[in-house]
Amino acid sequence: MTDAVRLPLEGIKVVELATVVAAPTVGRMLSAYGAEVIKVESPRGDELRGVGDFERVICEDERNPLFTIQNSGKLLTSINLKSPEGKQAFMRLLERADVLVTNVRSAGLKRLGLDYESIHEKLPRLIYAHLSGFGPKGPDATNPGFDSTAFWLRSGPMADWQVPGSFPFVPTYAFGDMATSSVLLSGVLMALLGRERTGTGTLVNTSLFASGIWCNSIAVVSHQPQFGGERPVDPIRPPDPFSQTYLCADGRWIGVYDNDYKREIPKFAKLFGIPELENDPRCATLEDLADSGAIVEITEKLNNIFLGKTSWEWREFLLENNVSCEVMRTIRDVSTDEQALVNGYVQKVGFGGGLEVMMPRPPVHFSEYGIREYAPAGRLGKDTDAVLKSVGYTDDELSEMRIKNAII
C-alpha cells in the first residue's frame, strides 16, 4: 500500500481494554481501515497470546499467528490499572481517544472507576463500547461469558442443529466471538456518525447472548409453540428434500438448495428423473410431503441417486442447470481455495524463521479506500514507551513507572 492510498477511518483514535477475541476484533477492524488503536494489556497479557498451545499453533512473542489475527496493526501497551500511576496513564490515553472498546466485566470497571457513567462525566464525547457475555441486566448479567456458553449453548443451536442422540457438535474456537464482533463494530460506527450530528458520545453495548439470538433469529421465531415448537433434525425427513445435503460416490457431501419447492417441482423432477413429483398429490407442497410421509420416500430416492456420481460431477451438472449447490469443504481446504485466494480473502504472511501462514483478511473491501496490510503482532508492551511519550511522558517518568510496576 502506498502513502497515496486513503484509509476510511484515518484520524480516529481508539483505546482497547479487551482480551481474547470478540471485542479485540472490533479494534482489529477499526485498525485495518485506518484508526489508530492502542491495545492496553494487563501485566499478565491477553490470554489470546497463549491460545496457540490449545490450537497447536506456534505462539511465541514475535511469531504468534492466532494473536495476530485480532491484533495486527495495533500499538501494544501493558499498563497496570490497579496502580495509581497506571490508572493516570490510561486516563491520559482516553482523553485523546474517540472510542474505548472493552469487555472487562462491569463490576471490575466500576471498581477501577472506569464504568461508563464515571467516564462519560469526564469525557462526554467518548464512544464507550462494552461487550458482555449475557447483557447488562438480569440474573446472569455478572456471569462470565464465553463464545461457547453465551453464544452457542444459551441461544439454542448446539441443542437443535444435530440428529437427536448424537454428541453435541463442537464449534471451532471463537466462531461466535467473530460474529459478535461485527455487531459491536456496527454499533461503534453508528455512534461515531451520531456524534458528528450531536457532539456527544454514547454507551454502545451488546453481548454474546444477544448476538447468538440475532444470528439464530429465524429459528427463534419458528420454534415457538404457536408454530409447532420443537423441530427435531431427521436426515430422512428434511423440511425440503431439495434444500438438503447428500452423500456422493466419492465420499464427499454436496448441498443442494432450491428457491421455491412448489414452483420448481417440474425442474427437479426432470433433473433427477423423479417424474412422480409432478403427478403425486402427496408431493404437491412441502406441507403435503411432511403430512403424507412421502418425504421419506423422496429423500431415500435422492440419497440413492446422489450416490451415482461424484460430488464434483454433481456440482458441475447442477450449476449448469442453475441450481444453487456446493461441495462440502473442510476447514483445511480454505487456505488453498482458489476463490478465496483470487479475492484476497486469505493472504500469506511471513512470521520470521521461515514460518509463512495463510491468514484470513478483514472481509470488507472498498473501491476508493485501502486497508492496512497484515503485520505480525509483537511482544507484550512492545509500544508502551512510544505510546506514553506521545501523551507527554518522559524517559525518567517511564523508568519510575516501571520501578513501581505500573507499566511493562
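**Overview of the overall build of the protein**
Moving on, step 1. Helix and strand content of the protein: 20 helices and 11 strands.
Moving on, step 2. Seen along its three principal axes, the alpha-carbon backbone of the protein occupies a region of about 85 × 50 × 40 Å.
Moving on, step 3. By the burial criterion, 42% of the 408 residues in the protein qualify as buried.
Moving on, step 4. Considering only contacts within the protein whose residues lie at least 6 apart along the sequence, 68% involve residues at least 24 apart.
Moving on, step 5. On the protein, roughly 21600 Å² of surface is accessible, and the fraction owed to carbon and sulfur atoms is 55%.
Moving on, step 6. Each charge sign in the protein was given a centre, from 43 positive and 54 negative side chains, and these centres are 5 Å apart.

**Some words on the pairing of strand S8 (residues 253-257)**
Moving on, step 1. The pairing of strand S7 (residues 243-247) with S8 spans 5 bridges and is classified as antiparallel. Pairing of Thr245 across the sheet is with Gly255, part of S8.
Moving on, step 2. Taking the residues between adjacent antiparallel strands as the criterion, S7 and S8 are bridged by 5 residues, where Gly251 takes a positive phi near 85°.
Moving on, step 3. Bridging between S8 and strand S9 (residues 324-327) involves 4 bridges; their strand directions are antiparallel. Each residue of the ladder has a partner; that of Tyr257, found in S9, is Ser324.

**Structural notes on the environment of Leu7**
Moving on, step 1. Within the element layout of this structure, Leu7 appears in the segment before strand S1 (13-17).
Moving on, step 2. In this structure, the C-alpha to C-alpha distance between Leu7 and Arg372, residues 365 residues apart in sequence, is 8.0 Å.

**What about helix H15 (residues 294-306)?**
Moving on, step 1. The terminal C-alpha atoms of H15, which comprises 13 residues, lie 18 Å apart, in line with the 18 Å expected from a rise of 1.5 Å per residue.
Moving on, step 2. Among all positions of H15, only Ala294, Ile295, Val296, Ile298, Thr299, Leu302 and Phe306 are buried.
Moving on, step 3. If you follow the buried residues of H15, they end up packed against S7, S8, helix H12 (261-272), helix H13 (276-279), helix H14 (286-292) and helix H16 (311-320).

**So, the nonpolar core**
Moving on, step 1. Core analysis: the largest hydrophobic core is formed by 31 residues, its most contacted members being Val14, Val26, Leu30, Ala35, Val99, Val101 and Val188.
Moving on, step 2. Listing elements by their share of this core, those giving two or more residues are helix H1 (22-32), strand S4 (99-102), strand S5 (127-132), helix H7 (147-153) and helix H9 (175-198).
Moving on, step 3. Among the elements that take part in this core, H1 stands out by supplying 6 residues, more than any other.
Moving on, step 4. Among all residues touching Val101, those that are not within four sequence positions of it are Val14, Val15, Glu16, Leu17, Ala18, Ala23, Val26 and Ala129.
Moving on, step 5. Judged by nonpolar contacts, the second largest core, of 28 residues, contains Leu94, Val387, Tyr393 and Ala406.

**A few points about a positive patch on the surface**
Moving on, step 1. Taken together, the side chains of Arg44, Lys82, Arg105 and Arg111 present a region of like positive charge at the surface.
Moving on, step 2. Relative to the elements of secondary structure, Arg105 occurs in the loop between S4 and helix H5 (106-112).

**Concerning the sheet that holds S9**
Moving on, step 1. With antiparallel pairing, 3 strands are arranged side by side in an open sheet as S7-S8-S9. Only two strands of the sheet have a single partner each, and these edge strands are S7 and S9. Ignoring strand direction, the axes of neighbouring strands in this sheet form an average angle of 15°.
Moving on, step 2. Along the sheet, H15 makes contact with S7 and S8, crossing S7 at roughly 45°.

**A word on the pattern of salt bridges**
Moving on, step 1. Under the counting rule described, the total for this entry stands at 24 salt bridges.
Moving on, step 2. A salt bridge links Lys301 to Glu276, with the nearest nitrogen and oxygen atoms 2.0 Å apart. Remark: Glu276 occurs in helix H13 and Lys301 occurs in helix H15; sequence separation between them is 25 residues.
Moving on, step 3. Linking Glu326 and Arg329 is a salt bridge whose minimum nitrogen-to-oxygen distance equals 2.7 Å.
Moving on, step 4. Taken together, the salt bridges that share partners define one network made up of Glu276, Asp280, Arg282, Glu297 and Lys301.

**Side note on the packing of H1 against H9**
Moving on, step 1. Contact pair H1 / H9: the axes reach a minimum separation of 8 Å and the direction vectors enclose 55°. Relative to H9, the element H1 lies oblique. Note that H1 runs across H9; the crossing there is right-handed. On H9, the residues touching Ala22, Thr25, Val26, Met29 and Leu30 of H1 are Asp177, Met178, Ser181, Leu184, Leu185, Val188 and Leu189.

**Some words on the sheet that holds strand S3 (residues 75-78)**
Moving on, step 1. Read from one edge to the other, the open sheet built from 6 strands follows the order S3-S2-S1-S4-S5-S6, with strand pairing classed as parallel. Edge positions in the sheet fall to S3 and strand S6 (203-207), since each has one partner strand and no second. Shown here is a sheet whose adjacent strand axes are inclined to one another by a mean of 20°, direction ignored.
Moving on, step 2. Relative to S1, helix H4 (residues 84-95) is tilted by about 145°, and along the sheet it contacts S1, strand S2 (36-41) and S4.
Moving on, step 3. Helix H10 (residues 208-215) rests against S5 and S6 of the sheet, and its axis sits at about 65° to S6.

How each quantity is defined
- Per chain, residue numbering runs from 1 following the sequence as it is written.
- Local features in this predicted model are restricted to residues of pLDDT 70 or higher, and side-chain atom pairs are both shown and tallied only at a pLDDT of 80 or more, whereas totals for entire chains, interfaces and linings draw on every residue.
- To get the side-chain values, all heavy atoms of the structure are used, and hydrogens and water are removed first.
- A helix here means a DSSP run of H or I that spans at least four residues, while a strand means a run of E at least two residues long, and both kinds are numbered starting from the N terminus.
- Exposure is judged per residue with a 1.4 Å probe applied to protein chains only, and the accessible area is read against the type maximum: over 50% gives exposed, under 20% gives buried, and values in between give partly exposed.
- Residue contacts are counted whenever heavy atoms from the two residues lie within 4.5 Å of one another.
- Accessible surface is estimated by sampling points in the Shrake-Rupley manner with a 1.4 Å probe; for residues, cover comes only from the protein chains shown.
- The charged-residue count follows a simple rule in which Lys and Arg add positive charge and Asp and Glu add negative charge, with His and chain termini not counted at all.
- By convention, charge coordinates are those of NZ in Lys, CZ in Arg, CG in Asp, or CD in Glu.
- A pair of strands is considered paired only if DSSP assigns at least 2 bridges between the two.
- Every helix has an expected span of 1.5 Å times one less than the residues it contains.
- Put simply, buried Ala, Val, Leu, Ile, Met, Phe, Trp, Tyr and Cys residues joined by side-chain atoms within 4.5 Å make one nonpolar core.
- Here the term patch refers to residues with relative accessible area over 30% and no salt bridge, with like charges joined within 9 Å and nonpolar side chains (Val, Leu, Ile, Met, Phe, Trp, Tyr) within 5 Å.
- When a carboxyl oxygen of Asp or Glu lies within 4 Å of a side-chain nitrogen of Lys or Arg, that pair is called a salt bridge.
- Angles shown run from 0 to 180 degrees and are taken between the N-to-C directions of axes, each axis being a line fitted to C-alpha atoms and, for helices, limited to the stretch in contact.
- Any angle that is under 35 degrees is reported as roughly parallel, and any over 145 degrees as roughly antiparallel; angles of 65 to 115 degrees are reported as roughly perpendicular and all others as oblique.
- Note on convention: near helix rotated counterclockwise from far helix by under a right angle means a left-handed crossing. Clockwise means right-handed.

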